[in-house]
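Here is how the chains run, residue by residue.
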Amino acid sequence: MSDQKYIPPDYFQIDEFLSDEHRIIRRAVRDWVYRSIKPNIENWAQHNDFPAHIMRELGELGALGPYIPEVYGGAGLDQISYGLIMTELERGDSSIRSAASVQSSLVMYPIFTFGSEEQKQKYLPKLASGELVGCFGLTEPNHGSDPGSMETRIKDKGDHYLLNGAKMWITNSGIADLAVVWAKDEAGIVRGLIVHKESDGYSAPEIKNKWSLRASNTGELVFDNVKVPKENILPSVKGMKGPLSCLNSARYGIAWGAIGAAMDCYSSALNYSKERTQFGKPIASFQLQQKKLAEILSEITKAQLLAWRLGVLKNENRATPAQISMAKRNNVKMALDVARESRQILGAMGITGDFPMMRHMMNLESVITYEGTHDIHLLITGHDITGISAF
Ligand SMILES: Cc1cc2nc3c(=O)[nH]c(=O)nc-3n(C[C@H](O)[C@H](O)[C@H](O)COP(=O)(O)OP(=O)(O)OC[C@H]3O[C@@H](n4cnc5c(N)ncnc54)[C@H](O)[C@@H]3O)c2cc1C
């Protein structure tokens, strides 16, 4: 069975809950991933190369801001469609899903939710088409899990703000035309600003030598007396609610996306186990390998059910941040474990770039860390069930 024809596992017939529109969108994105990503991703990852041209293709697919209304250039889709798109993109690679996640949930979402009408009209259609690329600056060199202690500052200079500070680990910083940057004002209140890359004092040095998300551009954002016009502040939000609501949307997408990486590993391991013969039999006939495959399928199935139910709640505006945390945490850990177990099924072949497991495994080490670490999401659940914050 070739990978192209492989039907992803749907052991509990969750597809029955999907609409025709959901299936059509999923098919279109899956076909694109098999056509444009799978044949090239190993090369891009080996050479630490983000294929920037795909932003336009993602735009054509409707994968940038899928849930943003059509009047602003989005696809006007529901949250389950967004989730399915993320799953299919991450079946290709977490780097590709990250690029779409950042543009959709961390750049377009805050402009749509907190921006002025002028900002929405000016930026959203071009972000939706991939003509403009955005990035999201929250994390700083000294503040990762605790972004509320950020040091980046804006000062009111009458007709503009003066921005100073630095952001770290920023996806797409090196290729972004604009950054949504979170900084504190003189009263210590967190504000969101749209900052253009051409601004004097703006630089975005790349972070090199990553072993993870190698097909993604990651860098810093450094602001040295950057003048930001007053009209570039997001007017409708103050405080950490701004960046945290963006993270909620992105974490939701990751909860779906990680399933795609896990499915890709499962698919490769199942096919290989039927073809590889040892002791005169396919290794799929050995109980230990069947145990691995059966447990992988069980975990993928549980993650699918969690994501689907979360999608229903999100469509109804009822998904809580704590539910999203639980799903992100569970599904990313599931995918990381699946990548490791699948790699073992392939023996030595599993460490090569001929199969996707090592690449997914290394990628998922970032995915389990960004958008809130595995530990922090556990503490969010702990807080939710006890009412006591442990951080
Ligand atoms: C490839 C990549 C891309 C990224 N893209 C972006 C981006 O586009 N924009 C952006 O703003 N950020 C981005 N990030 C940053 C990411 O969100 C942070 O790395 C993450 O929030 C963790 O922060 P940190 O790395 O500083 O770890 P730290 O906060 O220093 O944590 C280190 C360890 O301590 C643990 N820890 C921290 N606090 C507690 C506590 N209270 N209790 C128990 N344990 C604790 C953590 O769980 C972790 O294991 C990216 C990161 C990576 C790796």
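Residues numbered from 1 in each chain as written. Predicted model: local features only at pLDDT ≥ 70, side-chain atom pairs only at ≥ 80, totals over all residues. Heavy atoms only, no water.

**Structural notes on the environment of Lys 167**
- Tracing the chain through its elements places Lys 167 in strand β3 (residues 160–171).
- You can call Lys 167 buried: its relative accessible area is 0%.
- In this structure, the C-alpha to C-alpha distance between Lys 167 and Arg 251, residues 84 residues apart in sequence, is 20 Å.
- Contact partners of Lys 167, with chain neighbours within four places excluded, come to Gly 137, Leu 138, Thr 139, Glu 140, Pro 141, Met 150, Thr 152, Val 181, Trp 182, Glu 220, Leu 221 and Phe 223.
- A distance of 2.8 Å separates the side chain of Lys 167 from the backbone oxygen of Trp 182, its partner in a polar contact. (Helix = DSSP H or I, 4+ residues; strand = E, 2+ residues; numbered from the N terminus. Buried < 20%, exposed > 50% of the residue type's maximum accessible area, 1.4 Å probe, protein only. Contact = heavy atoms within 4.5 Å. Polar contact = N/O pair within 3.5 Å; in protein donor to acceptor, adjacent residues only side chain to side chain.)

**Points about the site of the ligand**
- In the region of the ligand, 18 residues are neighbours, and Thr 139, Ser 145, Trp 169, Thr 373 and Asp 375 sit closest.
- Phe 136 has a polar backbone atom sitting 2.9 Å from a nitrogen atom of the ligand.
- One of the side-chain N or O atoms of Thr 139 is found 2.7 Å from a nitrogen atom in the ligand.
- Here the ligand has 980 Å² of accessible area as a free molecule, and 66% of this is covered by the chains.
- A molecule is said to occupy a pocket when more than half its atoms come within 2 Å of that pocket's grid points, and by this definition the ligand occupies the largest pocket.
- Within the residue set of the shell around the ligand, elements represented by two or more residues are β3 and α11 (374–386).
- Split into classes, the residues belonging to the shell around the ligand amount to 9 nonpolar, 7 polar and 2 charged. (Near = heavy atom within 4 Å. Areas by Shrake-Rupley, 256 points an atom, 1.4 Å probe, with all protein chains shown as cover. 1 Å grid on protein atoms, 1.4 Å probe; cavity = no way out; pocket = protein on both sides within 12 Å on 5 of 7 lines; lining within 4 Å. Sits in = over half its atoms within 2 Å of the grid points. Nonpolar A, V, L, I, M, F, W, Y, C, P; charged D, E, K, R; others polar.)

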